[in-house]
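The lines below spell out each chain.
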Amino acid sequence: MSQQPADLMERVVNLCKRRGFIFPSAEIYGGFRSTYDYGPIGVQMLRNVKDAWWRSMVQLRDEVVGIDAAILSPPAIWEASGHLTSFADPLVDCRECKERFRLDKLDDPDVCPSCGKRGTFTEPRQFNLMFKTHAGPVENEGAVAYLRPETAQGMFVNFKNVLETSRKRPPFGIAQVGKSFRNEITPQNFVFRTREFEQMELEYFVPPADALRWYEYWCEERRRWYVELGIPEDKLRLRPHEPDELSHYSSGTSDVEFLFPWGWDELEGIANRGDYDLTAHARHSGEKLEYFDQATGERYVPHVIEPAAGATRTMMAFLLAAYDEEEVRGETRVVLRLHHRLAPYKVAVLPLSKKDTLVPMAREVLASLQPHFMCDYDETQSIGRRYRRQDELGTPYCVTVDFESLEDKAVTVRERDAMTQARVPVDDLVGYLRDRLA
Ligand code: GAP
């Protein structure tokens, strides 16, 4: 990989718009407050990020099960979890330019980054980040509901249901992927911090005496996941939280951090939540949320280790890490060197020319690949430009049907990174690609 450009962030944001990964939301109306829509290519990649997480956290484990809990939730959940009182950021207003900021994210807490004036901030006040709404037609206090600010609570309140139906015993986990909403004071850096985003969270319930061991296990396991999917080791680190950084529920947290263009920042938090959540929900709901071990006769409240990642934020990190530019025959080639599991399309089928003779065979090849791989098909423009487009989408393999193909029943397979080409019989194509995309 060549040196990444200084304005990497701008180039990736441009690529996302130009190629259909991510669009500013409601763009034809001037956009809507740092919200984003995932386009035809982006939706595919985001799905792949979530699938890769699900595969590693649920599919490859027999002690983890998944759920999909409701986004709309009653105040009782957030009262018990502590979010109604503690899920807040310090907000300051600049008296001069009227802009608002999150105090703990300012470079200098006395200088307004918008107008540059010193000493113009109001006293900080705690601003709760939850989106409040009403369920049903009457907008009174009894109808108040919240959009969940994290997926985690859906798993704690279903602890008993899952325990009773899944026949699991600690250590066991509940996993969930889905949307969360936070009324962030300063959404920023493209999809890094937005008000609507997707999370991938695991609540791992363990015997209290084993909590520290499992916390250390999950820190390493999660770091490994990012490296396996292509984040270079030197762009990733585990950073334990200082005591004054810990969330209200945590007795120990480490962040998996990525070296973003603006510096090290969080991709995922791995927290040792102790028995905070199950005890709080048991107290507020009156339900017993504990585990009874029939073999030993022991009854206890499991402790929880929580690896909590952002799907949208992680997708952005994968894009930044994969972006590359190189000189090829006097031209700049932009290529996304994405891990094949994350690539939006695995294969693109390209007839060398649009002439009638090649298209039927190309379509036949496409139809034979589609049941196995997510494929693109493109017959417009020169073959060189079509390769460049697929490079920018991160497509690992291009399959070209040429005039010789009609004779030898073989196609040219071009690999994205090294741009090497191989002639492969059509009959062997699925197996050839499967070996390389497994
Ligand atoms: N249940 C614990 C929890 O939610 P968190 O550190 O607040 O912990 C977990 O969130 C992950 O969710 C973060 O590491 C980040 O990747 C993602 N995330 C949080 N807020 C976000 C936002 N406003 N925009 C995008 N992703 C966000």
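For the structure, check the block above.
Residues numbered from 1 in each chain as written. Predicted model: local features only at pLDDT ≥ 70, side-chain atom pairs only at ≥ 80, totals over all residues. Heavy atoms only, no water.

Q: Help me understand the overall build of the protein, please; the structure alone is not making it clear to me.
A: Secondary structure assignment for the protein yields 13 helices and 24 strands. Burial status across the protein gives 52% buried among its 438 residues. A fraction of 65% describes how many contacts in the protein between residues 6 or more apart in sequence connect residues 24 or more apart. Total accessible area on the protein stands at roughly 21,100 Å², and carbon and sulfur atoms take up 49% of it. When the 57 positive and 70 negative side-chain charges of the protein are each reduced to one mean point, those points stand 3 Å apart. (Helix = DSSP H or I, 4+ residues; strand = E, 2+ residues; numbered from the N terminus. Buried < 20%, exposed > 50% of the residue type's maximum accessible area, 1.4 Å probe, protein only. Contact = heavy atoms within 4.5 Å. Areas by Shrake-Rupley, 256 points an atom, 1.4 Å probe, with all protein chains shown as cover. Lys, Arg positive; Asp, Glu negative; His and termini not counted. Charge placed at Lys NZ, Arg CZ, Asp CG, Glu CD.)

Q: Hey, could you run me through the site of the ligand in this one?
A: The ligand sits among 21 residues. The nearest are E150, E184, T194, E201 and E266. With respect to the ligand, the side chain of R182 contributes an N or O atom lying 2.8 Å from an oxygen atom. One of the backbone nitrogen or oxygen atoms of G310 is found 3.0 Å away from an oxygen atom of the ligand. Burial of the ligand by the protein chains amounts to 91% of its free accessible area of 560 Å². Those elements that place two or more of their residues in the shell around the ligand are β11 (196–206), β14 (263–274) and β17 (303–310). With 5 residues, the top contributor of residues to the shell around the ligand is β14. (Near = heavy atom within 4 Å. Polar contact = N/O pair within 3.5 Å; in protein donor to acceptor, adjacent residues only side chain to side chain.)

Q: Help me understand helix α8 (residues 276–285) in this model?
A: Every α-helical turn comprises 3.6 residues, leaving residues that sit three or four positions apart pointing alike. What α8 keeps buried is the set D277, L278, A280 and H281. Down the axis of α8, the sector holding all buried residues measures 165°, keeping them to one side. Turning to α8, the residues buried within the fold contact α3 (75–81), α5 (152–156), α6 (159–166), β11 and β14. (Arc of directions from axis to C-beta.)

Q: What exactly am I supposed to notice about the pattern of salt bridges here?
A: When the charged atoms of two side chains with opposite charge come close together, those side chains can pair. Under the criterion given, the structure shown has 44 salt bridges. Here E196 ties to K179 by a salt bridge, and the two come within 2.7 Å at their closest N and O atoms. Separated by 17 residues along the polypeptide, E196 in strand β11 and K179 in strand β10 (residues 172–181) bring together distant segments of the chain. By relative accessible area, which is 32% here, K179 ends up partly exposed. (Salt bridge = Lys/Arg side-chain N within 4 Å of Asp/Glu carboxyl O.)

Q: What am I meant to see in the environment of L267 here?
A: The residue L267 is located in strand β14 in this model. The spatial distance from the C-alpha of L267 to the C-alpha of A317 is 8.1 Å, given a sequence separation of 50 residues. Leaving out residues up to four positions away in the same chain, L267 has contacts with Y226, L236, V256, E257, F258, F260, A309, G310, R313, T314 and A317.

Q: So what exactly am I meant to see when it comes to the packing of aromatic side chains here?
A: Any aromatic ring pair is given by two values, namely how distant the centres are and how the planes are angled relative to each other. Scanning all chains against the criterion turns up 19 aromatic pairs. With 5.1 Å between their ring centres and 80° between their planes, Y36 and F190 make a pair best called edge-to-face. Separated by 154 residues along the polypeptide, Y36 in strand β2 (residues 36–38) and F190 in the loop between β10 and β11 bring together distant segments of the chain. Overall, Y36 belongs to the partly exposed group, its relative accessible area being 26%. Three or more aromatic residues link up through ring pairs in this structure, and these residues are F156, F159, F172 and F205. Residue placement shows R313 over the ring face of F192; its charged tip is 3.7 Å from the ring centre. (Phe/Tyr/Trp six-rings, centres within 6.5 Å; stacked < 30°, edge-to-face > 60°. Lys NZ or Arg CZ within 6 Å of the ring centre and 35° of its normal.)

Q: Explain the sheet that holds β10 here, please?
A: Hydrogen bonds between backbone groups are what pair the strands of a sheet, and the pairing can be parallel or antiparallel. Taken together, 7 strands build an open sheet; the order of strands is β3-β10-β11-β17-β14-β13-β12 and the sheet is mixed. Of all strands in the sheet, those bounded by a partner on one side alone are β3 (64–66) and β12 (236–240). For this sheet the average axis-to-axis angle between neighbouring strands, irrespective of direction, equals 25°. Lying over the sheet, α6 contacts β3, β10 and β11, oriented at roughly 135° with respect to β10. (Pairing = 2+ DSSP bridges. Axes fitted to C-alpha atoms, helices over the stretch in contact; angles between N-to-C directions.)

Q: Mind showing me how you'd approach the state of the cysteines here?
A: Working definition: the covalent bond between the sulfur atoms of two cysteines is a disulfide. Enumeration over the complete set of coordinates arrives at 0 disulfides. Here C94 is not cross-linked by a disulfide; its sulfur's nearest cysteine counterpart is in C97, at 3.7 Å. Its relative accessible area of 1% is what places C94 among the buried residues. As a non-bridged cysteine, C375 has C398 as the owner of its nearest cysteine sulfur, 11 Å distant. Judged by its relative accessible area of 12%, C375 is buried. (Disulfide = S-S within 2.5 Å.)

Q: Explanation requested: the side chain of R148 in the structure shown.
A: For R148, the location among the structural elements is in the loop between β9 (144–147) and α5. Here the side chain of R148 touches Q176 through a polar contact of 3.2 Å, side chain to side chain. Look past the residues within four positions of R148 in its chain and what remains in contact with it is A69, A70, I71, S73, W78, Q176, G178, K179, S180 and F181.

Q: Can you walk me through the side chain of E268 in this structure?
A: Mapped onto the secondary structure, E268 falls in strand β14. On the basis of relative accessibility, which here comes to 0%, the residue E268 falls in the buried class. A distance of 2.5 Å separates the side chain of E268 from the side chain of Y226, its partner in a polar contact. Apart from the residues lying within four places of it in its own chain, the contact partners of E268 are R222, Y226, S254, D255, V256, P307, A308 and A309.

Q: Help me understand the pairing of strand β13 (residues 253–260) in this model?
A: On any regular strand, side chains alternate: one points to one face of the sheet, the next to the other face. In terms of burial, β13 is a largely internal element, 7 of the 8 residues being buried. Relative to β13, β12 is paired through 5 bridges, and the arrangement is antiparallel. Bridge pairing in β13 links L238 to V256. Note that β13 and β14 share 8 bridges and pair antiparallel. Looking across to β14, one finds that V256 is bridged to E268.

Q: Where do I start with the sheet that holds strand β4 (residues 72–73) in this structure?
A: The strand order β4-β9-β8 describes an open sheet built from 3 strands, whose pairing is antiparallel. Each having just a single partner strand, β4 and β8 (131–134) make up the two edges of the open sheet.

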